[in-house]
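# Results of the structural survey
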Amino acid sequence: MEERLQKKIAESGITSRRNAEKLIQEGKVLVNGEVVAKLGTKVKDKDEIIVDGELLEKQSYEYYLLNKPRGVISSSSDEKGRKTVVDLIETEARIYPVGRLDYDTTGLILLTNDGKLTNLLTHPKSKVPKTYLAKINKVLTMEEYHKIKEGIVIDGRKVKVKNVKIKKKNPNNNTSFVEITIIEGRNHIVKRLFESLKIDVIKLTRTNYAFLDLGTLRSYEYRTLTKDEVTRLYNYVRNK
Ligand code: URA
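Notes on the structure follow. (Residues numbered from 1 in each chain as written. Predicted model: local features only at pLDDT ≥ 70, side-chain atom pairs only at ≥ 80, totals over all residues. Heavy atoms only, no water.)

## Side note on unusual backbone geometry
Comment: phi is negative for the bulk of residues other than glycine, and the bulk of peptide bonds are trans. We note that His188 has phi near 55 degrees; this positive angle belongs to a residue other than glycine. Along the chain, the position of His188 falls in the loop between β14 (175-182) and α5 (189-195). By relative accessible area, which is 44% here, His188 ends up partly exposed. Phi is positive for Lys198, which is not a glycine, with a value near 65 degrees. Its location among the elements puts Lys198 in the loop between α5 and β15 (201-209). Relative accessible area serves as the criterion here: at 75%, Lys198 is assigned to the exposed category. (Helix = DSSP H or I, 4+ residues; strand = E, 2+ residues; numbered from the N terminus. Buried < 20%, exposed > 50% of the residue type's maximum accessible area, 1.4 Å probe, protein only.)

Shown next, in the form of structure tokens:
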């Protein structure tokens, strides 16, 4: 990943962006052993940067894909002392979840300490598709199905639905499973969408996020993302 030298220095926390610019212009910054006195020079993650005699620690990023269980909150701390998704991952790094799943929603959630990727993925303009499997308290009618497909308006904005599929109907106990792919990140959006049709969501699971899926991960299980997956996520949001 390439970044402007002064931004990279400021992000490391050793000094402010303004002071970093001053130090660069004064010739006090070395990149791979050479003085770089030009502002805006692009540097890579692997470059060795020395600022006024001090070596910049290379930030190492961690990326996890968790199959979130019910009854766990999607944040890094909770004032009520409830278990968080971060508590489920064994790491020393200060990771946090990318976006949110409700307390009672299960499934795929990413965690990382890479703020830049998090911002890109959660930005309202990023069009990352997320697929959910919803168990609802009725058998969906074709009329309801088409309403969802065409886009239901919530708070004055159409919910961007990419796909809807009725996966299973249980007329005996009057429930069904609906798979829905949404290209936005408003809170409780799936529940609110069904609620607008007077339908209750009994269970909700996120099965996919961009090109990622849960694979064979069971509830509570997690894995790290591969380098290739991280690069693909960056490209995914940048090429939108
Ligand atoms: N939509 C919801 O209603 N809840 C979630 O947790 C995610 C999407």
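Let us keep going from here.
## Structural notes on the layout of surface pockets
Estimates place the volume of the second largest pocket at around 620 Å³. In terms of lining residues, the second largest pocket is bounded by 29 residues, among which Lys130, Glu184, Gly185, Arg186 and Asn187 are the most central. Listed by contribution, the elements that provide at least two residues to the lining of the second largest pocket are α3 (115-122), β10 (130-136), α5 and β15. The greatest single-element share of the lining of the second largest pocket, amounting to three residues, is contributed by β15. Tallied by class, the residues present in the lining of the second largest pocket amount to 11 nonpolar, eight polar and 10 charged. (1 Å grid on protein atoms, 1.4 Å probe; cavity = no way out; pocket = protein on both sides within 12 Å on 5 of 7 lines; lining within 4 Å. Points joined across faces, edges and corners; volume = space filled by probe spheres on them. Nonpolar A, V, L, I, M, F, W, Y, C, P; charged D, E, K, R; others polar.)

## Here we look at the packing of aromatic side chains
Summed over all chains, the structure comprises two aromatic pairs. When the ring of Tyr64 is compared with that of Tyr222, the centres are 5.8 Å apart and the planes differ by 80 degrees; the resulting orientation is edge-to-face. One end of the pair, Tyr64, is in strand β7 (residues 63-68); the other, Tyr222, is in strand β17 (residues 222-224), and 158 residues separate them in sequence. By relative accessible area, which is 28% here, Tyr222 ends up partly exposed. For the pair Phe211 and Tyr236, a centre-to-centre distance of 6.0 Å together with 55 degrees between the ring planes defines the contact as tilted. You can see Phe211 sitting in the loop between β15 and β16 (212-213) and its partner Tyr236 sitting in helix α6 (residues 227-238), a full 25 residues away along the chain. Residue Phe211 is classed as partly exposed on the basis of its relative accessible area, which comes to 23%. Given the relative accessible area of 23%, Tyr236 is considered partly exposed. Here the basic side chain of Arg82 rests over the ring of Tyr103, its NZ or CZ set 5.1 Å away from the ring centre. Sitting over the face of the ring of Phe211, Arg232 holds its NZ or CZ atom 3.9 Å from the ring centroid. (Phe/Tyr/Trp six-rings, centres within 6.5 Å; stacked < 30°, edge-to-face > 60°. Lys NZ or Arg CZ within 6 Å of the ring centre and 35° of its normal.)

These figures capture arrangement, not role.
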